[in-house]
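Given next are the chains, with one letter for each unit.
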Amino acid sequence: MSDNANVIDQSSPSIARVYDYLLGGKDNYEVDRAVGDHFKLNLPGSVSIAFTNRQALIRAVREMAEAGLTQFLDFGSGLPTADNVHQVAQRVNPEARVAYIDNDPIVLAHGRALLATNDNTTVVQADVRDSAGIRAHPEVNRLIDFDKPVGVIFSAILHHLNDDEDPRAVVDYWTGQIAEGSSVFISHFRSGHNAETREAEGKLQSTFGRGRWRTDEEIAALFGDLRLQEPGVVAAALWHPEEPAADAPRIGSAERELTIWEELIVAAIADKR
Ligand code: SAM
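Read on for an overview of the structure.

Criteria and cut-off values
- Residues numbered from 1 in each chain as written.
- Predicted model: local features only at pLDDT ≥ 70, side-chain atom pairs only at ≥ 80, totals over all residues.
- Heavy atoms only, no water.
- Axes fitted to C-alpha atoms, helices over the stretch in contact; angles between N-to-C directions.
- Helix = DSSP H or I, 4+ residues; strand = E, 2+ residues; numbered from the N terminus.
- Parallel < 35°, antiparallel > 145°, perpendicular 65-115°, else oblique.
- Left-handed = near helix turned anticlockwise from the far one by under 90°.
- Contact = heavy atoms within 4.5 Å.
- Nonpolar A, V, L, I, M, F, W, Y, C, P; charged D, E, K, R; others polar.
- Phe/Tyr/Trp six-rings, centres within 6.5 Å; stacked < 30°, edge-to-face > 60°.
- Buried < 20%, exposed > 50% of the residue type's maximum accessible area, 1.4 Å probe, protein only.
- Lys NZ or Arg CZ within 6 Å of the ring centre and 35° of its normal.
- Core = buried A, V, L, I, M, F, W, Y, C linked by side-chain atoms within 4.5 Å.
- Pairing = 2+ DSSP bridges.
- Right-handed = clockwise from strand over helix to strand, strands pointing away.
- Near = heavy atom within 4 Å.
- Polar contact = N/O pair within 3.5 Å; in protein donor to acceptor, adjacent residues only side chain to side chain.
- Areas by Shrake-Rupley, 256 points an atom, 1.4 Å probe, with all protein chains shown as cover.

**Examining the packing of helix α1 (residues 15-22) against helix α2 (residues 30-42)**
Any two packed helices are characterised by how steeply their axes cross, that is the angle between the axes, and by the distance between the axes. The N-to-C vectors of α1 and α2 enclose an angle of 55°; their axes lie 9 Å apart at closest approach. Considering the angle they form, α1 stands oblique to α2. Read as a crossing pair, α1 and α2 show a hand that is right-handed. Taking contact as the criterion, the partners of Arg17, Val18, Tyr21 and Leu22 in α1 are, on α2, Val31, Asp32, Arg33, Val35, Gly36, Asp37, Phe39 and Lys40. Its residues placed into classes, the contact of α1 with α2 shows 6 nonpolar, 1 polar and 5 charged.

Right, here's the structure in full:
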């Protein structure tokens with residue numbers, strides 16, 4: 001980590017702040033809004049991708065909590081938004097504990113107030129590539145008991161790692177740390193699915209200078225030896241969609257057709273058994 005790793009740089013766009021802008025948040029600067037507006041204009045699905053991803057994350061956390069998981073590690077957690085992981089998990093179990101990890105100093109600055117709301121939540125500024133450093137972090141160890149099952153979340157972060165940074169090894173590391181009964185959630189930008197993908201991927205890479213979108217097979221391979229839950233790696237909108245009321249229009253159900261934009265983000269959970 002560089003000396004100024006905890007200084008908020010307002011002169012270049014940050015992934016966390018652009019994402020916050022797309023989700024309608026206020027924790028962003030002119031430079032982020034310019035990028036966000038560029039995405040909105042040239043990639044009209046940007047906003048729906050962000051919401052689709054976020055909603056899949058919320059469903060996944062709720063399901064993990066309902067399945068009995070009481071502690072969560074959220075890598076690349078992002079800025080506080082409408083419904084955060086600890087709020088979702090604590091609605092199911094008020095004792096649920098969440099360690100948020102993000103390398104962007106703005107997440108620490110704003111997250112301390114809004115995410116680290118009680119003794120059961122914390123925000124750690126760290127780079128997901130520094131697995132051993134995060135594992136040794138006192139705040140992580142204060143909240144996460146690695147002898148008990150953990151819900152590990154990599155939501156829209158691993159596509160910000162290049163291949164030579166070995167995202168599979170990052171997941172493998174945590175798979176090795178967690179107890180049986182743990183689950184790992186990944187959402188990820190998907191390449192090779194339609195013609196829009198290449199252009200969108202190029203825009204993201206040129207804006208942030210990094211990242212790689214992956215095929216469904218590559219994303220499934222990130223889970224290593226974990227056992228994929230049904231329905232496997234699918235468009236995030238189709239990952240355990242909410243069942244609409246019997247008389248409601250079939251919006252958000254597996255029966256509707258996805259937009260080309262919704263095809264760009266996939267999600268899956270796998271378990272350690
Ligand atoms: N997980 C949230 C969600 O799905 O709604 C936020 C996703 S946002 C697109 C990606 C987040 O990953 C940003 O907050 C960014 O700062 C963080 N991030 C990117 N690269 C990272 C790295 N190497 N280490 C830690 N966090 C990183």
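**Observations regarding the packing of aromatic side chains**
As enumerated under the stated definition, the model contains 6 aromatic pairs in all. A centroid spacing of 5.1 Å and a plane angle of 45° characterise the contact between Phe75 and Trp174, whose relative ring orientation is tilted. Linking Phe75 in strand β1 (residues 71-75) with Trp174 in helix α8 (residues 167-177), this pair joins segments that are 99 residues apart in sequence. Each member of the pair, Phe75 as well as Trp174, is classed as buried. Taken together, a centroid distance of 6.4 Å and an interplanar angle of 75° make the contact between Phe185 and Trp239 edge-to-face. Of this pair, Phe185 sits in strand β5 (residues 183-189) while Trp239 is found in the loop between β7 (234-235) and β8 (265-271), placing the two residues 54 residues apart along the sequence. Judged by its relative accessible area of 0%, Phe185 falls in the buried class. Ring pairs connect the aromatic residues Phe75, Phe146, Phe154, Tyr173 and Trp174, which therefore count as one cluster. Over the ring of Phe146 we find Arg135; its NZ or CZ atom is 3.8 Å from the centre of that ring.

**A closer look at the nonpolar core**
Formed by 45 residues in total, the largest nonpolar core has its most connected members in Phe39, Val61, Met64, Phe72, Val85, Ile153 and Phe185. Here the element with the most residues in this core is helix α3 (residues 46-66); it accounts for 9 residues. The contact partners of Met64, leaving out residues within four places of it in the chain, are Leu69, Phe72, Gly151, Ile153, Ser183, Phe185 and Ile269.

**Description of the pairing of β1**
Along β1, 5 of the 5 residues are buried, which leaves the element largely enclosed by surrounding structure. Side-chain alternation along β1 places Gln71, Leu73 and Phe75 on one buried face and Phe72 and Asp74 on a second face that is also buried. Sheet topology places β1 next to strand β2 (residues 97-102); 5 bridges connect them, and they run parallel. Within β2, the residue paired with Gln71 across the bridge is Arg97. Chirality of the crossover, the property in question, places the unit of β1, helix α4 (residues 85-92) and β2 among those that are right-handed. Here 4 bridges tie β1 to strand β4 (residues 151-155), and the two strands are oriented parallel to one another. Bridging across to β4, Leu73 finds its partner in Val152.

**Re α4**
Within α4, burial applies to Val85, His86, Val88, Ala89 and Gln90. Next to the buried residues of α4 lie α3, β1, β2, α5 (105-114), β3 (121-125) and β4.

**Digging into the site of the ligand**
Surveying the vicinity of the ligand reveals 19 residues, the closest of which are Tyr19, Arg54, Gly76, Asp102 and Ser155. Contact distances for the ligand include 2.6 Å between an oxygen atom and a side-chain N or O atom of Asp102. Computed on the free molecule, the ligand has an accessible area of 590 Å², of which 96% lies beneath the protein chains in the complex. The set of elements that each furnish at least two residues to the shell around the ligand consists of α1 and α3.

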